[in-house]
Structures are given as C-alpha cells and as structure tokens.
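Structural characterization, general
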Amino acid sequence: MRTIDRTRKANRCGELENKSAGVGWHMGIWLWRHIVPGLSAIGLAAIVLLISDLPRRSSSETSKSQPPQVVMLQMSSQSIMDEAAVQVIAGLAEAGFVTDQKSADQGSKNKAIVLKRLNAENDMATANAMATEVVGGRYDLIITLSTPCLQAVANANKRDQVRHVFGLVSDPTVAGVGVGSGPMDHPPYMVGIGTLPPAEKSFEIAKQINPALKRVGVVWNPAEVNSEIATKVARTTCQKLGIELLEANAENTASVREAAVSLIAREIDALWIGGDITALSAADVLIQLANQAHIPVFTCMPGNAAKGALFDVGANYSVVGHQVGKLAARVLAGEEPAGIPWEVAIPPKLFLNKGVIGNLKGEWKFPKQLVDQADVIIDPAAQVPLKTTSTRPGYSRPVCGVGFIDQVCG
C-alpha cells in the first residue's frame, strides 16, 4: 500500500511539475509577445533620441574650443538694412564678439565668432529656403533683419532648435511668431527689438510743408505684414488730417512702376512710401516717376531723401542695428533669451532735401521750425559739406552739398 501511495504522490508531483512547466512556457510566450516588443520599442526610441542628440552634445562640447557660429539673414539689399547689418556687427564687437580672429588673441578680452551673412534679395521663397537651411545648420545663433525674415526663421524653428535674435521689425506682436504685448511674452528661444515706422508723423510733416495737401498715393504689398501695419496707420491719419489716401498694390518690385503710374494718373499731390520692402526696393523708380510728374515722394523710412525724396522721418536704423548687436552679444555670452525682455526702440531721425522743392507744383515749403528739428539737411546750394548742431542735444546735423550726399548724409 505504501508503495502505491508513493507512486500516486510521485505521479501527482509529476503532473504538477508538468502543469507548472506548461504555465511557465505559456507565460514566456505571453511575455515575448506582449512585453518584449514594448521594451524593444522603448530601447529603440532611446537609441534614436541619443543619436539625434549627438549633434547638440557635439556642438556643446566643441563650442568651448571653437568660435560660436552665427548667421545673419536680411531680406533685401537696401541702404537701411545694409547699414543696420554693419551696426549689428559693430554692436557685437563692442560687447567683445569680433569676426576677426586676429583681434581675439589670448591676451585680448575679445572672443572670435564665425559670422555668415545671407540676403534673400526680396524673394520670400528664397528667405524660406535660407531659413530652413540655417535652422538645420548647427548655428549657435540666428540674427534676422526685417519682419519677413523673422517669420521665415520662426516657422522653420518651431522645434526650438536654434536661439534667435530679431530686429528691424515693425510690430512683432502681429507677425504670428508667438510674441505678445508683454516684454517677457515671447518664445523661450527668441528675443529682439521692434521698431514701428512713424507713419503718422510722416503725414503730419507733409501737411506742415504743404497745408493744401489733399491726395496722396501709396504703393504697397499686401503680403507684407509690416506694410499692412503702416498702411492701416496711414489710413487713420489721413482721415484725421483731411487727406485722401489712394492705394495701389504691387506683389513684387517689377509691378511697382505700373502701380505708381496708375496713382499718378489719378492726379495725386504726392507719393508716400511706408514700411513696405517691395516699394522701398523700387524707391528709385517711384522717385523718378514722381519727379517727372513734379510731385514729391516722402517716407517714414530713412535713406530715401538722399535719393531724391522730399523728406524721410523714421527710426535711425543704424542705432537699432547696434542695439540688436548688443542684444545678440548677451545671448552669445550665455544669457537665455527666455529671461530677456523684447524691446521697442524708435530712435528718431529726420532728413530734409531742399533740392527737391524747386521742381514741385503746389505750395511746398519747409517751415523754419521743421528745419531746426532736422537731423540731416540736403542742400544742393551748399558748396562744401558742413556739420552743425541740431536743437536736440546729442545730435549732429549734416548740411550737404549735392555732390556730398553719399559721403556725408548716407
């Protein structure tokens, strides 16, 4: 009997072992089917993230020994943008970041940077392509000049890949890039300076020069947010001053001439150039057509009085460019853009061109009060370039002969 009991117990133990083995086998299969793939996916994802992070780590590690890589993108070849770009570089240098390796020797406080400059030449498709290129180019900092360049880089940089400093932007809060009205209300990787063209002031000055001013034409590109802002201000201002604003659209510089001719045919008293890059790029065409019609061109963007406009009133973009350079230097020095407020800077500058008035029909005359306020006066009657002091402290007012415009007034 004992033998039989032992046999039964052994059989039961065997059965239990077999069942246990079976359960273990099925459990292993279940784990293999359900858990292992998940773990494998997690591991693969970790490897991918590690690999994708290698460029940043490599960049971070090499940045200690290699100069910071900086790229500056501007929208077009205009004098105000070119001057601002030069001043960005000057602002960087003043803060200790120089583009000349010789100036950054071991005994110097300066630090060398590698600066690449790009120009979209007023083509938005080119600006977008350049933005995509620079965002993926392992740069330490991107600097943009103009609203379209700000928008292009912001759209390409939505993953917060590169730090970004902007300037020469009319109103960043309406550019659709995440900048709000508060000084700290901006994306954590982006900061810059807004500079709204004084459209209202330009019409007020035009009315001072010619109180009988009634009809003003403007050529502008509706695709430019910066231009839309200035044009809206112009509409409101003209309504207040009793001026009729006649508008013509131009999608590119090639269509500016046709738009301007259509306005002149409607017997306007003057042409106005706002903050429109398309119109500014064809300013020579607008001024030529206006001269032929014996009407003036006035603007709220500096640089056109020297080309033949009656006057410019606007921000001193050389000063703004310098401020952008100093701001960029703070970021390169280690400050996070998230902790820096974005600013509004509109340092004023007034250019008057006395040489235009003699060719104009109508009663156009510079009041003495306006002449006293001017920062730059272009006067063909002046035989030599002179410099006098403006009524505003800290400003020098060049009085330029026609042969010295570029030299003294540019």
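Quick summary incoming for the structure in this document. No experiment lies behind these values; they were computed from the predicted model shown.

Assigned secondary structure in the protein chain consists of twelve helices and 17 strands. Here the protein chain holds 410 residues, and 45% of them are scored as buried. In the protein chain, 68% of the contacts between residues at least 6 apart in sequence involve partners at least 24 apart. For the protein chain, the accessible area works out to roughly 20500 Å², and carbon and sulfur atoms hold 55% of it.

With that out of the way, let us pick up a nonpolar patch on the surface. Taken together, L196, V344 and I346 make up a surface patch of nonpolar side chains, about 240 Å² in accessible area. Structurally, V344 is set in strand β13 (residues 343-344). The class for V344 is exposed, based on a relative accessible area of 57%.

We now examine the sheet that holds β13. Taken in spatial order, the six strands line up as β4-β1-β5-β6-β7-β13 in an open sheet, and their pairing is parallel. The open sheet terminates on both sides in strands that have one partner only, identified here as β4 (114-119) and β13. Here strand β7 (residues 190-194) pairs with β13 via two bridges, running parallel. Bridge pairing links G194 to V344 in β13. Here helix α10 (residues 317-332) sits on the sheet and contacts β1 (69-74), β5 (141-145), β6 (164-169) and β7; the angle it forms with β6, its principal contact strand, is near 170°.

With that settled, consider unusual backbone geometry. A positive phi angle is found at S146, which is not glycine, with a value near 110°. Note that S146 resides in the loop between β5 and α4 (147-156). Backbone geometry at L168 places phi at a positive 55°, although glycine is not the residue there. For L168, the position within the fold is in strand β6. Classification of L168 by relative accessible area gives buried; the value is 9%.

Relative to strand β14 (residues 348-353), strand β12 (residues 311-315) is paired through five bridges, and the arrangement is antiparallel. Bridging from a neighbouring strand, D312 pairs with F351 of β14. Examined bridge by bridge, β14 and strand β15 (residues 376-378) share three bridges and lie parallel to one another. If you follow F351 over to β15, its bridge partner there is V376. Of the crossover connections in this fold, the one passing from β14 over helix α11 (residues 368-373) to the parallel β15 is right-handed.

Criteria and cut-off values
- Residues numbered from 1 in each chain as written.
- Predicted model: local features only at pLDDT ≥ 70, side-chain atom pairs only at ≥ 80, totals over all residues.
- Heavy atoms only, no water.
- Helix = DSSP H or I, 4+ residues; strand = E, 2+ residues; numbered from the N terminus.
- Buried < 20%, exposed > 50% of the residue type's maximum accessible area, 1.4 Å probe, protein only.
- Contact = heavy atoms within 4.5 Å.
- Areas by Shrake-Rupley, 256 points an atom, 1.4 Å probe, with all protein chains shown as cover.
- Patch = residues over 30% accessible without salt bridge, like charges linked within 9 Å, V, L, I, M, F, W, Y side chains within 5 Å.
- Salt bridge = Lys/Arg side-chain N within 4 Å of Asp/Glu carboxyl O.
- Pairing = 2+ DSSP bridges.
- Axes fitted to C-alpha atoms, helices over the stretch in contact; angles between N-to-C directions.
- Right-handed = clockwise from strand over helix to strand, strands pointing away.

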